[in-house]
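# Inside the fold
What follows is each chain in one-letter form.
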Amino acid sequence: DVMLYPPGLESEVDTWRRKRINQQLLPIGKQAVFSSKLTSQLDAVLRECNDAIVGPYLTGEQLNAADCHAFPFVWRLSKEFDLSNYPSLSQWVQTCSQHQAFAKTIRSS
């Protein structure tokens, strides 16, 4: 069962969805994908995301709306760029990739 907004984590989930993903990662990441370059701007955002991950999911022990919102684009970035410099983010992508909620939606290129 996925609780989209776990009690007590609403603010953290919202920070991930609005600030880190919508305002930072999506626009900067799209530019990087189109130019095929991991830019210094994208590196900074990926580092911030990496450092903010609580683990094993973005805000802790439970998959929630933040993970569902972030996964498709971060998974795409993981196919375009080497994310090994962001170990928490790489582990999160791996963890989500194995979760049944995402596993059926991913296709290897």
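Because the structure is a prediction, the values reported are computed rather than measured.

## Section: the nonpolar core
Grouped together as the largest cluster of nonpolar side chains are 31 residues, with contacts concentrated most on L25, L42, L46, L77 and W92. Of all the secondary-structure elements, those providing two or more residues to this core are helix 1 (10-35), helix 2 (40-52), helix 3 (65-80) and helix 4 (87-98). Here the element with the most residues in this core is helix 3; it accounts for eight residues. The contact partners of L25, leaving out residues within four places of it in the chain, are R20, K30, L42, V45, L46, F73, V74 and L77.

## Things to note about the pattern of salt bridges
According to the stated counting rule, one finds five salt bridges in the structure shown. A salt bridge links E48 to K19, with the shortest nitrogen-to-oxygen separation between them at 2.9 Å. You can see E48 sitting in helix 2 and its partner K19 sitting in helix 1, a full 29 residues away along the chain. The class of E48 is partly exposed, set by a relative accessible area of 26%. Linking R20 and E48 is a salt bridge whose minimum nitrogen-to-oxygen distance equals 3.6 Å. In this pair, R20 sits in helix 1 while E48 sits in helix 2, placing the two residues 28 residues apart along the sequence. For R20, a relative accessible area of 14% puts it in the buried group. Look at the salt bridges and you will find they share partners, linking K19, R20 and E48 into a network.

## Observations concerning the packing of aromatic side chains
We describe a pair of aromatic rings using the distance from one ring centre to the other and the angle between the two ring planes. For the structure shown, the criterion picks out two aromatic pairs. Centroid distance F71 to W92: 6.0 Å. Interplanar angle 70°. Geometry classified as edge-to-face. Taken together, the positions of F71 in helix 3 and W92 in helix 4 put the pair 21 residues apart, joining distant regions of the chain. Judged by relative accessible area, which is 3%, F71 ranks as buried. What makes W92 buried here is its relative accessible area of 1%. Each ring, one from F71 and one from F102, has its centre 4.4 Å from the other, and the planes form 35°; the classification is tilted. Note that F71 is positioned in helix 3 and F102 in helix 5 (residues 100-103), a separation of 31 residues in sequence. The buried category is assigned to F102, whose relative accessible area is 7%. An aromatic cluster of three or more residues is present, and its members are F71, W92 and F102. The ring of W16 carries R20 above its face, with NZ or CZ at 4.7 Å from the centroid.

About the cut-offs
Residues numbered from 1 in each chain as written. Predicted model: local features only at pLDDT ≥ 70, side-chain atom pairs only at ≥ 80, totals over all residues. Heavy atoms only, no water. Core = buried A, V, L, I, M, F, W, Y, C linked by side-chain atoms within 4.5 Å. Buried < 20%, exposed > 50% of the residue type's maximum accessible area, 1.4 Å probe, protein only. Helix = DSSP H or I, 4+ residues; strand = E, 2+ residues; numbered from the N terminus. Contact = heavy atoms within 4.5 Å. Salt bridge = Lys/Arg side-chain N within 4 Å of Asp/Glu carboxyl O. Phe/Tyr/Trp six-rings, centres within 6.5 Å; stacked < 30°, edge-to-face > 60°. Lys NZ or Arg CZ within 6 Å of the ring centre and 35° of its normal.

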